[in-house]
Amino acid sequence: MSKLQCVLAINNYGKIFTLSAFDDQWKPFPHVGMDLKHISAIENYMWSIGGDNQTYLLVHNLDKAIRIKEEVYENERWMPGGNFSKRLLPTDRYCWSSENGREEKLKENIKLPSFVWQWEHEWKLETKFEEMDLDDDGWTYAVDFFAKFYPTKRWNSCVRRRKWYRNRIYTGTNSWCIISPLHKDFTKEPFICVSIGGHKILGAKLGVIMVWAVTAQGRIFYRKNVNKTWPEGCLWVCVPTKEGSESRYIDCGPSGSVWVVLWSGLILVRKEISAETPQGKKWIIVESPEEDSKITQLSVGLQSVWAITNDSRVWYRKGIDQNLNEGTCWVKLNTFMFSVSVTPNDQVFSVGLDRHLYFRSEISKNYPTGKKWIHIQASIEIEQPKEQETKLEGIESWISSSFTEPSHSAPTRLVGNDSKNNLNLNAKEINPSQRRVSAWSPKLSVGSLIGMEAKPDSFMEIQSNISIQKSKTFWSSIVGGSIEPDVCFISQWFNSPKDRENIFKSEWRQKILDKLIELRLKEKEFQQITSFAL
């Protein structure tokens, strides 16, 4: 289990707190200038709906910057007279193309996908080929474009090509970035619910992510081309439903299973979702558990779905597997909760009717509904107010700007942030002070409009201006999508400080616990290595 894995929770004031698997205190989430009313997260990636009804993306705590290498191949053919020329045969590839030659790629046509990207340098020639140095011109030679290329010219070399490359880097890390709305006036049809998942879909390329959302008018949208190297994706695609099926809530599980709650109380489940068809092909209807009750909220795990009805009853969906993602029947639990959240390993957190947080104990394959709810008694770090508050700029200029320019620039930074906290991207071309905030792109709806700078410090660091208080907060929601809890690690959440002092008073007990944690960490690392190798 990674030390960065944590549970997220929003209190009744819209403030986010995090609870690490290796900690026993809720800590303020490092964000600036806004409150959130809905969040959905996996490890390192979070989508949210702000109090201003805008959709936000946060990429945080990555081990290294997201860097993409754009490549273009320049192609030439030998002509009688002894010279190479760009005058190619009709059956040849384009003069400027992709590596396989099937796609025309001109350097001037390759643009930054959204505001949060910046070029790291100008176009350069590749001077390495199969670990061998090329000359300064960078040409490689072959008999034909579909034959094997060599670093030196031969007597039968009829074609040649060279590779140009240019790196672009994602500069929105540790910044809240606004995702382009559907309309120029974002209040016309704002999103009311967003969900991120699909990072464990079978057969998908490494790094694939799925993002689904519901608008205030009940329409369902899928965010196209979202992945860990393109976290904001490119555009919203409407996924139609039958007329009269207005949606109110949506959740996407780690395996890509999508469940939608309708205002009528019925459930829509997306079928035939796969790596090849991430949007799925059709909807099927799942009835409410009881005729006189309607589901208001649900959460999808890897092989489980939990739901809450309008009478606050908790329900579990039985019979879910890879081939039957809609399950077979509802199982009633003799408990009442305000909301639930299922983790990628099918553990369950909830917000109680008393607005306290709970964890479902002893969930396993033999007991998929677990045994009982355990109160999370972690204390809370409260950040003391500072004398001089940082000022948020950028939103006003974005709202007042004309909606005519396409998306080009990266997010703006906040005044008052310490420059030491900025990421060192080692790129002279990236100058945050020169970034400008342009307007929404009506055609592509691509990318982030502005950024709200978050502290890039680790969630685990304790700031100097904090105090620790006993949990007196009331919570509105909890999100477990970015953690796969193991009871061996999180037992400290459920005991008061006095109880923990008695439990770990003996030195031999602490040594055994430390060894168990170390073994579990090694086991997790080994499982990740073997699964990646397979």
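Since the structure is predicted, the reported quantities are computational estimates derived from the model, not experimental observations.

## Here we look at the overall build of the protein
Then, number 1: The helix and strand tally for the protein stands at 4 helices and 35 strands.
Then, number 2: With 534 residues in all, the protein has 51% of them scored as buried.
Then, number 3: Intrachain contacts of the protein at a sequence separation of at least 6 include 60% that bridge at least 24 residues.
Then, number 4: In the structure as shown, the protein presents an accessible area of about 27100 Å², 51% of it carried by carbon and sulfur atoms.

## Topic: the UniProt feature "domain: Peroxin/Ferlin" (unreviewed entry) in the protein
Then, number 1: The positions UniProt marks with the feature "domain: Peroxin/Ferlin" (unreviewed entry) are residues 65-126 and 138-171.
Then, number 2: The span residues 138-171 is 0% helix and 44% strand, and its two end C-alpha atoms sit 30 Å from each other.

## Side note on the pattern of salt bridges
Then, number 1: Counted according to the given criterion, the structure contains 22 salt bridges.
Then, number 2: Here Lys163 and Glu71 are joined by a salt bridge, their closest N and O atoms 3.5 Å apart. Of this pair, Lys163 sits in strand β15 (residues 159-170) while Glu71 sits in strand β7 (residues 67-79), and the two are 92 residues apart along the sequence.
Then, number 3: Lys163 sits in the buried class, given a relative accessible area of 17%.
Then, number 4: For Glu130, the salt bridge is made with Lys148, and the minimal N-O distance between the two is 3.5 Å.

## Observations concerning the environment of Thr229
Then, number 1: Relative to the helices and strands, Thr229 resides in the loop between β19 (220-224) and β20 (235-238).
Then, number 2: Residues Thr229 and Ile169, 60 residues apart in the sequence, show an inter-C-alpha distance of 9.7 Å.
Then, number 3: Discounting chain neighbours no more than four positions away, the residues touching Thr229 are Ile66, Ile68 and Trp117.

## Overview of the pairing of strand β16 (residues 175-179)
Then, number 1: Where burial is concerned, most of β16 is hidden: 5 out of the 5 residues are buried.
Then, number 2: The side-chain alternation of β16 yields two buried faces, one formed by Ser175, Cys177 and Ile179 and the other by Trp176 and Ile178.
Then, number 3: Of the pairings in the sheet, the one linking strand β6 (residues 55-59) to β16 comprises 3 bridges and is antiparallel in character. Counterpart to Tyr56 in the pairing with β16 is Ile178.

## Regarding the sheet that holds strand β23 (residues 267-271)
Then, number 1: One open sheet accounts for 4 strands, arranged β21-β22-β23-β24; its pairing is antiparallel. Single-partner strands in this sheet number two, and they are β21 (247-252) and β24 (282-286). Neighbour-to-neighbour, the strand axes of the sheet open up by a mean angle of 25°, direction not taken into account.
Then, number 2: Looking at chain direction, strand β22 (residues 258-262) and β23 are connected through 3 bridges and run antiparallel. Among the inter-strand pairings, Val260 is bridged to a residue of β23, identified as Leu268.

## Side note on the confidence of the model for the protein
Then, number 1: Averaged over the protein, the pLDDT score is 80; the fraction of residues at 70 or greater is 76%.
Then, number 2: No element of the protein has a lower mean pLDDT than helix α1 (residues 395-400), which averages 33, and none a higher one than strand β18 (residues 210-215), which averages 97.
Then, number 3: Note that pLDDT drops below 50 for residues 499-505; the model gives that stretch 7 contacts with residues more than four away or on any other chain.

## Regarding the packing of aromatic side chains
Then, number 1: Throughout the structure, instances matching the rule amount to 16 aromatic pairs.
Then, number 2: Each ring, one from Tyr56 and one from Trp176, has its centre 6.4 Å from the other, and the planes form 90°; the classification is edge-to-face. Here the residue Tyr56 occupies a position in strand β6, and Trp176 occupies one in strand β16, the gap between them amounting to 120 residues.
Then, number 3: Seen in terms of ring centroids, Trp306 and Trp373 are 6.2 Å apart; in terms of plane orientation they differ by 70°. Their pairing is edge-to-face. Here the residue Trp306 occupies a position in strand β26 (residues 305-309), and Trp373 occupies one in strand β31 (residues 373-375), the gap between them amounting to 67 residues. For the pair shown, Trp306 and Trp373 are each scored as buried.
Then, number 4: In textbook terms, an aromatic cluster arises when at least three aromatic residues are bridged by ring pairs, as seen for Trp47, Phe191, Phe221 and Trp236.
Then, number 5: The ring of Trp139 has Arg160 lying over it, and the distance from NZ or CZ to the ring centre is 3.9 Å.
Then, number 6: The aromatic ring of Trp283 is capped on one face by Arg270, whose charged end is 4.7 Å from the ring centroid.

Cut-offs and rules
Residues numbered from 1 in each chain as written. Predicted model: local features only at pLDDT ≥ 70, side-chain atom pairs only at ≥ 80, totals over all residues. Heavy atoms only, no water. Helix = DSSP H or I, 4+ residues; strand = E, 2+ residues; numbered from the N terminus. Buried < 20%, exposed > 50% of the residue type's maximum accessible area, 1.4 Å probe, protein only. Contact = heavy atoms within 4.5 Å. Areas by Shrake-Rupley, 256 points an atom, 1.4 Å probe, with all protein chains shown as cover. UniProt positions renumbered as here; feature names shortened; annotations may be inferred. Salt bridge = Lys/Arg side-chain N within 4 Å of Asp/Glu carboxyl O. Pairing = 2+ DSSP bridges. Axes fitted to C-alpha atoms, helices over the stretch in contact; angles between N-to-C directions. pLDDT = per-residue confidence, 0-100. Phe/Tyr/Trp six-rings, centres within 6.5 Å; stacked < 30°, edge-to-face > 60°. Lys NZ or Arg CZ within 6 Å of the ring centre and 35° of its normal.

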